[in-house]
Amino acid sequence: MAPLWPFIMVAASGILAMDIPHPRNSALYHLTKQLLQKYHKEVRPVHDWTEATTVYLDVFVHAVLDVDAQNQKLKTSVWYHEVWDDEFLSWNSSMFDDIREISLPLSAIWAPDIIINEFVDIERLPDLPYVYVNSSGTIRNSKSIHVVSACSLETYAFPFDIQNCSLTFNSILHTVEEVDLAFLRSREDIKHDSKAFLNDSEWELLSVSSTYNLLQSSAGAFAQIQFHVVIRRRPLIYVVSLLVPSIFLMLVDLGSFYLPPTCRVRIVFKTSVLVGYTVFRVNMSDEMPRSTTSTPLIGVFFTVCMAFLALSLSKSILLVRFLHDERCSQQQWPVLCLRGDSEADGPRMDPGAQRAGVTESPICREHQDHSGPLKEVLSQLQSISNHFRAQDQAAQQEVVWLALLERFDQLLFYSYLVVLALYTITLCSFWVLWSGW
């Protein structure tokens, strides 16, 4: 019996092998082999070369990843669909176990050369190496890509800005007689479909409108489809961190105009406000988008308010300096008026007579003794009169300067008030337009 065991084992293994289906005997294997055996991916898949291959396109915007206003770039996550008919990849499903759809390697079949014209850079997610093909020869190719595209970004209305960026699809080499483009869904469905969009980012998707046109060139007419992606920024965080503090800072600076112009505390107060402006401007520059084509309006208003503050501070400094010089010059007059008091106590003699050694007579000396104090008193009275006259002139000049500077201060105040009102009205208008979308 022992020699029979090897034969029994061989027979059993043969029976098991007959029960396991071989891949070469499967209908899917035979179908794939039949489709790709004589397939040439270098040839456009049509029996009549005069017929155009229509490629149906569809785009789902998944997320806005980055908006680079400085370099004018928009980075989006897009789910992209292509559908076309391949006349060489059709079969009778009843002959292959009723298989109606299979997956084939994309590298093994013909694929349209569709590109995005606004491409600056592309960060492709892991490629899907297969496409789906049904029994009628319709091919569905879907892929998710991170598109970095060029876009004209306007930051003038920041943070209530609305951006409109285009994604233009067309064939590189095939004219419209060879490869035509069409929409996979209706334009209305594409425009208002935002189910796939992630709404937890800074940007909100408003619409994706689409257009079809022909691009004329020397090589012929090329079919072209444009998807206009309209997005708007969510401004709440910028309203809280930028707009409201800036308005409060402007109101504080506006209140400094009620301090007396001659008060030195006003200079200290305005200097502190200027330091606050500078610190806030540095923080604002970090949060505002930087663009070489347009400047945010809030940055322009803030710079204008800083210019008004610098003018008002310079005016206050000049005024205090002018008043200080006037008072110092007025305090020197009493010293000049009393210089002759030390000389009035002794008798005076003509210097010429003293040099000649001539002595005056008692009568002349007595006359001079009486007239000397009178002249001295008259001289002092004249000095005092000149002093008060100069003091009055200085006071009148000071009044004139104070009136002129007060008018200039009022002009700055009303100009500042107009700028602040325009700033508030403009921001409210931007907010209304932003909410109207």
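Residues numbered from 1 in each chain as written. Predicted model: local features only at pLDDT ≥ 70, side-chain atom pairs only at ≥ 80, totals over all residues. Heavy atoms only, no water.

1. Some details on the environment of Tyr416
1) Next: Along the chain, Tyr416 turns up in helix α9 (residues 362-435).
2) Next: For Tyr416, a relative accessible area of 0% corresponds to the buried category.
3) Next: Placed 162 residues apart in sequence, Tyr416 and Leu254 show a C-alpha to C-alpha distance of 7.2 Å.
4) Next: The contacts of Tyr416, once residues within four sequence positions are left out, are Met250, Asp253, Leu254, Phe257, Tyr277, Cys305 and Phe308. (Helix = DSSP H or I, 4+ residues; strand = E, 2+ residues; numbered from the N terminus. Buried < 20%, exposed > 50% of the residue type's maximum accessible area, 1.4 Å probe, protein only. Contact = heavy atoms within 4.5 Å.)

2. Points about the environment of Glu51
1) Next: Tracing the chain through its elements places Glu51 in the loop between α2 (27-37) and β1 (53-68).
2) Next: Among the residues examined, Glu51 registers a relative accessible area of 39% and is labelled partly exposed.
3) Next: With 127 residues separating them in the primary sequence, Glu51 and Glu178 have C-alpha atoms 6.9 Å apart.
4) Next: Residues within four places of Glu51 in sequence aside, it is in contact with Arg44, Val46, Glu87 and Glu177.

3. Side note on the pattern of salt bridges
1) Next: Going through the model one piece at a time under the given rule, you end up with 10 salt bridges.
2) Next: In this structure, Asp193 and Arg185 form a salt bridge, with 2.8 Å as the shortest nitrogen-oxygen distance.
3) Next: Here Arg233 makes a salt bridge to Glu202, at a shortest N to O gap of 2.7 Å. Taken as a pair, Arg233 in strand β11 (residues 220-233) and Glu202 in the loop between α3 (187-192) and β10 (203-217) lie far apart in primary sequence, 31 residues in all.
4) Next: Three or more residues are tied together by salt bridges with common partners; here these are Asp58, Arg185 and Asp193. (Salt bridge = Lys/Arg side-chain N within 4 Å of Asp/Glu carboxyl O.)

4. A few points about the confidence of the model for the protein
1) Next: On average, residues of the protein carry a pLDDT of 79, and 79% of them reach 70 or more.
2) Next: Segment residues 10-24: pLDDT under 50, and 3 contacts once partners within four positions in sequence are set aside and those in other chains are kept.
3) Next: Here residues 332-361 is modelled with pLDDT under 50, and outside its nearest four sequence neighbours on either side it reaches 23 contacts, counting other chains as well. (pLDDT = per-residue confidence, 0-100.)

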